[in-house]
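# Chain and residue survey
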Amino acid sequence: MNAQAQFAIEATGLVKSFGETRAVDGVDLAVRRGSVYGVLGPNGAGKTTTVRMLATLLRPDAGSARVLGHDIVDDADAVRGLVSLTGQLASVDEDLTGRENLILLGRLLGLRRAAAKSRAAELLEAFGIADAAGRLVKHYSGGMRRRLDIAASIVVTPELMFLDEPTTGLDPRSRNQVWDIVRALVEGGTTILLCTQYLDEADQLADGIAVIDRGKVIAEGTPAQLKASVGSGALHVRLLEPDQRAEAERVLTEELGAVHLEPDPAALSASCADADRAAEAVAALARSGVAIANFSLGQPSLDEVFLALTGHPAEEQVPEDEIATEEQAA
Amino acid sequence: MSATPTSRPVSAPAAEAALRKALASTPRPPRASALSAALTFGWRGMLKVKHVPEQLLDVTITPVMFVLMFTYLFGGAIAGSTGEYLDYILPGVLVMSVLFTTVYSGVALNTDVTKGVVDRFRSLPTWRPAPLVGALLGDSVRYLVAGTVITVLGLALGFRPGAGALGVVAAMALVIVFAFSLSWVFTTLGLLMRAPNAVMNAGFMGIFPLTFLSNVFVEPTTLPGPLEAFVNVNPISILTDASRGLMEGNAAGTDVAIVLATAAALTAVFAPLTTHLYRTRS
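Worth saying up front: this structure is predicted, and the values here are computed from it rather than measured.

Moving on: the overall build of chain A. Across its full length, chain A carries 13 helices and 14 strands. Within the span of chain A, comprising 330 residues, buried residues form 50% of the whole. By sequence separation, contacts in chain A at least 24 residues apart represent 69% of the contacts at least 6 residues apart.

Right, here's the structure in full:
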């Protein structure tokens, strides 16, 4: 299998500046066909700008990329024929109904009138928005809108889909619905580039992850590799009695090592990757007479990943021009 | 109490099957032709009018007010009688109401940009100027509505054009051709400015004085010298003269030619400019 057939995206040294700010500062990516690839990073890290270049909406200042074998600058039109965008990257029309949006896109993609109509009906039904098909999109709930957004991107099945923060701001139920749709799409053979701020989401969906910070890829690997390099997660414990925290701290230090006291006087946490060890630690706490209100074993948050990889937290460093771009894209 | 959500929501088998079917790869149709894409965008423009017909009020109420106010308040003073003034002002207000409508082309495009719909359209494999050309096609419906409202109002108030229905249609056609070219100016503005309101304000700041400093409401001969000179070369004056002429059946060929040449020049400059800004937008 040659490289062209193997990779959906091959980018080398992509650079994009807005004024003085280097929003993207030499990004390399290699995404295999048929996989879900996560691009993880905080707001303003350069995720959106990178994807906008790959989707031919922005011209890179330097570097080059091939998407599905086509150069994103010289052969932009061929790229457009094979990819689709969602989320902040490309919105639906709020002043039309859900059905009209899908028919509009079907017609623009070359479907005949009847085919566009029946495809719209099929998607509305499958995505659970048939009841709201005739309502203006501006009256949709967040979850419905997100599903319509994805439906709009698959009116004609794309070979590569750019999925931008598909679950940001959604309740857990809507989030799971979106994740199910993504998994079904991948089963159908679509390659997905997923931009997200949640390690959890990348972990659930992606086969590979690139962590982006300040316009550069700072780490790359499978979700498992990434979590391992970060040093896993943490056991979070909340006590019934804040008075017992000193005792709890002593026990947890003995069991797990480094203990972190939370701002909440009844809460503390200790880094721990392994569920068995966490269970033992909790049992030890109970044996020593510490009353536990609740506990959980959490995955490292994006903050922890960033702290481990960069030494600085994932603060929102949004260059001004990027804000303008993102606002326009939103 | 694991924090990792491993359970997946239970979907009904029927819903699951519908989802699989919808997601199953569909054969990619041949690309839409340039014409078909533009017409589809025109359809989109008309859907918006259908959903929010109130937006037509903006562009029709103002001219109606102008006709009524100017005719009955100032008509007697300006032209000696309200009837005579109506004959003078009506073709002018027709020009005004249609040209005011062109600002909305820029506002609509800017709204698409700020809401991100433009990026979806730009990511499609369609003829690139299709959204722009299509939107202008859709706008022609508004021009027609604005023009028709004024004409009907005029007829109801006693306006009787000498050249009859044919003259009115010819005048309306000329005004709409000019409006098409002018709306490219506002689409350019729509891509340069940051918010729809800013486009609206800037647009009217330009079109409002230009319309008043023309012969729409008063004979230029009554004005001070320098102002008269300006009014006489204002393309809106020439367009108004041409429409009056067409409605009365005594249009000067040079007026019509100048209007068409101006329209061609505006389009030649601003259509490529709009298209360029649209393609290279970051």
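The subject of this paragraph is the domain arrangement of chain A. Assigned domains of chain A: these are domain 1 (3-82 + 158-228 + 317-329) and domain 2 (233-298). For domain 1 of chain A and domain 2 of chain A, the distance between their C-alpha centroids amounts to 38 Å.

A word on the sheet that holds strand 12 (residues 259-261) of chain A. Residues and elements named next belong to chain A. Ordered by their spatial adjacency, four strands build an open sheet running 12-13-11-14, and the pairing between neighbours is antiparallel. Strands with a single pairing partner mark the edges of an open sheet, and in this sheet they are strand 12 and strand 14 (292-298). The sheet shows a mean angle of 20 degrees between the axes of neighbouring strands, taken without regard to direction. Packing of helix 10 (residues 245-256) onto the sheet brings it into contact with strand 11 (234-239), strand 12 and strand 13 (267-271), and relative to strand 13 it is tilted by some 5 degrees. Relative to the sheet, helix 11 (residues 275-287) contacts strand 11 and strand 14, its axis offset from that of strand 14 by approximately 165 degrees.

Listed as interface residues are 40 residues of chain B and, on the opposing side, 48 residues of chain A. Where the side of chain B that touches chain A is concerned, the elements lending two or more residues are helix 1 (13-23), helix 2 (34-51), helix 4 (82-115) and helix 5 (117-122) of chain B. Grouping the amino acids of the side of chain B that touches chain A by side-chain chemistry returns 17 nonpolar, twelve polar and eleven charged.

Ile 9, Val 67, Leu 193 and Leu 194 of chain A together with Val 175 of chain B are the most contacted members of the largest nonpolar core, which totals 145 residues. Per element, the largest residue contribution to this core is 18 residues, and it comes from helix 4 of chain B. Apart from the residues within four sequence positions on either side, Leu 193 of chain A is in contact with Ile 9, Val 31, Tyr 37, Val 39, Val 51, Leu 160, Phe 162 and Leu 163 of chain A. In this structure, Leu 239, Val 259, Val 282 and Leu 285 of chain A belong to the second largest nonpolar core, which totals 18 residues.

A word on the packing of helix 10 of chain A against helix 11 of chain A. Residue and element names in this part refer to chain A. One can describe the packing of helix 10 onto helix 11 by two numbers: an axis separation of 9 Å at closest approach and a directional angle of 145 degrees. Of the two elements, helix 10 crosses helix 11, and the hand of that crossing is right-handed. Within the contact between the two elements, helix 10 uses Ala 248, Val 251, Leu 252, Glu 255 and Leu 256 and helix 11 uses Arg 277, Glu 280, Ala 281, Ala 284 and Leu 285. Within the contact of helix 10 with helix 11, the residues separate by chemical class into seven nonpolar, no polar and three charged.

Let us look at helix 3 (residues 55-79) of chain B. Residue and element names in this part refer to chain B. Taking 1.5 Å of rise per residue, 25 residues should cover 36 Å, and helix 3 covers 34 Å from first to last C-alpha, within 8% of that figure. The largest bend in helix 3 is about 50 degrees, located at Leu 73. For helix 3, the full list of buried residues reads Val 59, Thr 60, Pro 63, Val 67, Phe 70, Thr 71 and Gly 75. Where helix 3 is buried, its residues contact helix 4 and helix 6 (130-157). Just downstream of helix 3, Gly 80 is the residue with a positive phi angle, here 95 degrees.

The rules behind these values
Residues numbered from 1 in each chain as written. Chains lettered and ligands numbered in written order. Predicted model: local features only at pLDDT ≥ 70, side-chain atom pairs only at ≥ 80, totals over all residues. Helix = DSSP H or I, 4+ residues; strand = E, 2+ residues; numbered from the N terminus. Buried ≥ 20, exposed ≤ 12 C-beta atoms within 10 Å, placed from the backbone. Contact = placed C-beta atoms within 7 Å. Domains from an automatic or database assignment. Pairing = 2+ DSSP bridges. Axes fitted to C-alpha atoms, helices over the stretch in contact; angles between N-to-C directions. Nonpolar A, V, L, I, M, F, W, Y, C, P; charged D, E, K, R; others polar. Core = buried A, V, L, I, M, F, W, Y, C linked by C-beta atoms within 7 Å. Left-handed = near helix turned anticlockwise from the far one by under 90°. Expected span 1.5 Å × (residues − 1). Bend = angle between axes of the 7 residues up to and from the residue.

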